[in-house]
There are 2 protein chains.
Amino acid sequence: MKHTISVLVENKPGVLARISGLFSARGFNIDSLAVGETNDPTMSRMTIVANAPDERILEQIKKQLNKLIDVISVVDLTRRDFFERELLLIKVQNPVESKSLSALIGKYAATVLSQEDTETIIEAVGTYARMNELVEALKGVGTVKELVRTGRIAIGC
Amino acid sequence: MKHTISVLVENKPGVLARISGLFSARGFNIDSLAVGETNDPTMSRMTIVANAPDERILEQIKKQLNKLIDVISVVDLTRRDFFERELLLIKVQNPVESKSLSALIGKYAATVLSQEDTETIIEAVGTYARMNELVEALKGVGTVKELVRTGRIAIGC
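All values derive from a computational prediction rather than experimental measurement. (Residues numbered from 1 in each chain as written. Chains lettered and ligands numbered in written order. Predicted model: local features only at pLDDT ≥ 70, side-chain atom pairs only at ≥ 80, totals over all residues. Heavy atoms only, no water.)

**A word on the overall build of chain A**
Selection rule: Comment: elements are numbered from the N terminus, with helices defined as DSSP H or I runs of at least four residues and strands as E runs of at least two. The buried label goes to any residue with under 20% of its type's maximum accessible area, the exposed label to any with over 50%, and the partly exposed label to all in between, with areas taken from a 1.4 Å probe on protein chains only. Here, two residues are considered to be in contact whenever any of their heavy atoms come within 4.5 Å of each other. Per-residue and other accessible areas follow the Shrake-Rupley method at a 1.4 Å probe size, with only the shown protein chains counted as cover for residues. Here Asp and Glu are counted as negative and Lys and Arg as positive; His is not counted, and neither are the chain ends. In this description, the location of a charge corresponds to atom NZ of lysine, CZ of arginine, CG of aspartate or CD of glutamate.
Scanning chain A for helices and strands turns up four helices and nine strands. With the principal axes as the frame, chain A shows a C-alpha extent of 55 × 35 × 30 Å. Expressed as a percentage of the 157 residues in chain A, the buried residues total 54%. Partitioning the contacts of chain A with sequence separation of at least 6, the portion at a separation of at least 24 is 73%. Within the structure as shown, chain A displays about 7,000 Å² of accessible surface, and the carbon and sulfur contribution to it stands at 50%. Charge separation in chain A, taken as the distance between the mean sites of 20 positive and 20 negative side-chain charges, equals 6 Å.

**As for the packing of helix α3 (residues 98–107) of chain B against helix α4 (residues 128–141) of chain B**
Residue and element names in this part refer to chain B. Rule in force here: Between N-to-C directions, angles cover 0 to 180 degrees, with each direction set by a line fitted to C-alpha atoms, over the stretch in contact for helices. In what follows, roughly perpendicular refers to angles from 65 to 115 degrees, roughly parallel to angles under 35, roughly antiparallel to angles over 145, and oblique to any angle outside these ranges. The classification used treats Ala, Val, Leu, Ile, Met, Phe, Trp, Tyr, Cys and Pro as nonpolar, Asp, Glu, Lys and Arg as charged, and all other residues, Gly among them, as polar.
Across the interface, α3 lies against α4 with an axial gap of 10 Å and an inter-helix angle of 175°. By the angle between their directions, the pair α3 and α4 is classed as roughly antiparallel. Taking contact as the criterion, the partners of Ser100, Leu101, Leu104 and Lys107 in α3 are, on α4, Arg130, Ala137, Leu138 and Val141. Partitioned by chemical class, the residues of the contact of α3 with α4 number five nonpolar, one polar and two charged.

**Quick notes on the domain arrangement of chain A**
All names here are of chain A. Put simply, the rule is: Domain delimitation follows an automatic or database domain assignment. Note: buried area is the sum, over both parts, of the accessible area (probe 1.4 Å) each one loses when the two are combined. The salt bridge definition used is simple: a Lys or Arg side-chain nitrogen within 4 Å of an Asp or Glu carboxyl oxygen. Polar contacts, as used here, are pairs of N or O atoms within 3.5 Å; protein pairs need one atom able to donate a hydrogen and one able to accept it. Residues neighboring in sequence count only if both atoms are side-chain atoms.
By the assigned domains, chain A splits into domain 1 (2–76) and domain 2 (82–156). One C-alpha centre belongs to domain 1, the other to domain 2, and the line joining them spans 28 Å. The interface is formed by eight residues belonging to domain 1 together with six residues belonging to domain 2. Across the domain 1 to domain 2 interface the summed buried area is about 530 Å²; carbon plus sulfur atoms make up 57%. In this assembly, domain 1 and domain 2 are joined by zero salt bridges. Viewed at the interface, domain 2 and domain 1 are joined by one residue pair in polar contact (both at pLDDT 80 or more). Sort the elements by how many residues they give to the side of domain 1 that touches domain 2 and strand β2 (residues 30–37) lands first, with four residues.

**A look at the sheet that holds strand β3 (residues 43–51) of chain A**
Our working rule: DSSP-based pairing: two strands are paired if at least 2 bridges between them are found.
Spatially, eight strands are ordered β4(A)-β1(A)-β3(A)-β2(A)-β2(B)-β3(B)-β1(B)-β4(B) in an open sheet, and the strand pairing comes out antiparallel. A strand with exactly one partner marks an edge of an open sheet, and here the two such strands are β4 (71–76) of chain A together with β4 (71–76) of chain B. In this sheet, adjacent strand axes meet at a mean angle of 20° when their direction is disregarded. Of the strands in this sheet, β1 (2–10) and β4 of chain B are in contact with helix α2 (residues 55–67) of chain B, which crosses β4 of chain B at around 155°.

**Looking at the nonpolar core**
Defined as follows: In plain words, nonpolar cores are sets of buried Ala, Val, Leu, Ile, Met, Phe, Trp, Tyr and Cys residues tied together by side-chain atoms within 4.5 Å.
Counting residues in each nonpolar core, the largest one holds 42 residues, and the members touching the most others are Val7, Ile19 and Phe23 of chain A together with Val7, Ile19 and Phe23 of chain B. In this view, Ile19 of chain A contacts Val7, Val9, Met46, Ile48, Leu65, Leu68 and Val71 of chain A; residues no more than four positions away in its chain are not counted. In this structure, Ile121 and Ile155 of chain A together with Val148 and Ile155 of chain B belong to the second largest nonpolar core, which totals 20 residues.

**Quick notes on the pattern of salt bridges**
Residues and elements named next belong to chain A. Summed over all chains, the structure comprises 25 salt bridges over all chains. Across the pair Lys62 and Glu59 runs a salt bridge, and its minimum N-O distance is 3.1 Å. With Lys62 and Glu59 both in helix α2 (residues 55–67) and three residues apart, this pair spans about one turn of that helix. A residue is classified by how much of its surface remains accessible, and Lys62, at 13% relative accessible area, is buried. Relative accessible area serves as the criterion here: at 37%, Glu59 is assigned to the partly exposed category.

**Some points on unusual backbone geometry**
Even without glycine at this site, Ala109 of chain A takes up a positive phi of about 50°. Residue position: Ala109 of chain A is located in the loop between α3 (98–107) and β6 (111–115).

**Some words on the packing of aromatic side chains**
The line we're drawing: Stacked, edge-to-face and tilted labels apply to pairs of Phe, Tyr and Trp rings (six-membered ring for Trp) whose centres lie within 6.5 Å, assigned for plane angles under 30 degrees, over 60, and everything in between, in that order. Charge over a ring is defined by NZ of Lys or CZ of Arg lying within 6 Å of the ring centre and within 35 degrees of the ring normal.
In this structure the tally under the stated criterion is two aromatic pairs over all chains. Ring geometry for Phe23 of chain B versus Phe28 of chain B: centroids 6.3 Å apart, planes at 70°, classification edge-to-face. Neither residue differs from the other here; Phe23 of chain B and Phe28 of chain B are each classed as buried. One Lys or Arg, Arg152 of chain A, reaches over the ring of Tyr128 of chain A and ends 3.6 Å from the middle of that ring.

**Re the interface of chain B and chain A**
Listed as interface residues are 51 residues of chain B and, on the opposing side, 52 residues of chain A. Both sides of the chain B and chain A interface together cover about 4,400 Å² of buried area, and 61% of this is carbon and sulfur. Of all residues in chain B, Glu37, Asn39 and Ile155 of chain B bury the most surface against chain A, accounting for 15% of the area lost on that side. Across the contact surface, chain B and chain A share two salt bridges. The partner of Glu123 of chain B in a salt bridge is Arg85 of chain A, and the shortest N-O contact between them spans 2.9 Å. Where chain B meets chain A, there are twelve residue pairs in polar contact (both at pLDDT 80 or more). The biggest single contributor to the side of chain B that touches chain A is strand β5 (residues 82–93) of chain B, with eight residues. Of the residues assigned to the side of chain B that touches chain A, the class counts are 24 nonpolar, 17 polar and ten charged. As paired strands, β2 of chain A and strand β2 (residues 30–37) of chain B are joined by three bridges and run antiparallel to one another. For Leu33 of chain A, the partnering residue across the bridge sits in β2 of chain B and is Val35 of chain B.

As structure tokens, then:
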């Protein structure tokens, strides 16, 4: 089961290494991780999406996270209502039929950042599932040359 | 000086811990880090923004990153042309004067995800600088109750 965990931490060197170490020491692969600033410049918020084949180990990790001195709070959003979003920057080779690309950009409310003779760079935001859909659709109309994703962030309703 | 580094890695447990450990062992604080999927399910891309008080240590870190077995490529975008974007989810207490919030949402092309009697959740995308501007402006019209940022991602032009 996929878990979305929001961790508020002190903004200090080494925190990220300790937290990611907790997961990797137990063989958990982190699907995505986003670390950004918060309202308070001394704190950062990490949003971690991890697949938990074993719920008990995840519970252990959450307890250990809570014990780390630089961790202020740990919230598992999985069983709550939350909005989840991800940002993508995508470089696509322009398809022969340019209307097919324009149609997708419209459908997914994406933004064109640059358009050259041979390639277009677009920005898109949405849920993880919808963004996967967009990437598959883009592959269908042309070549995706580069894809950069932020990983998901989430906010409780 | 702030550096934006894009690292393509094998999608394996422990990679993130090793990379963040390289930075923290040298006392570098990572400003933001976003790890997301790529076109290839076996690889992830990390976009790291770090402040480098000492350029030589950063050069060492980049060399050591390149030597890690799970690191496929390291690109320092700092001296290249690139688009840089960040996604924010923001929960604000509704101001008494609701027009002031609507005006900001319009100005920054933000999206309203939910609007309740007392609070509004919005989604916004832009450069780091512009998103800082938005957050400051939101503080000016009301209370920012929660702020979640992805950290920056970047794509070369």
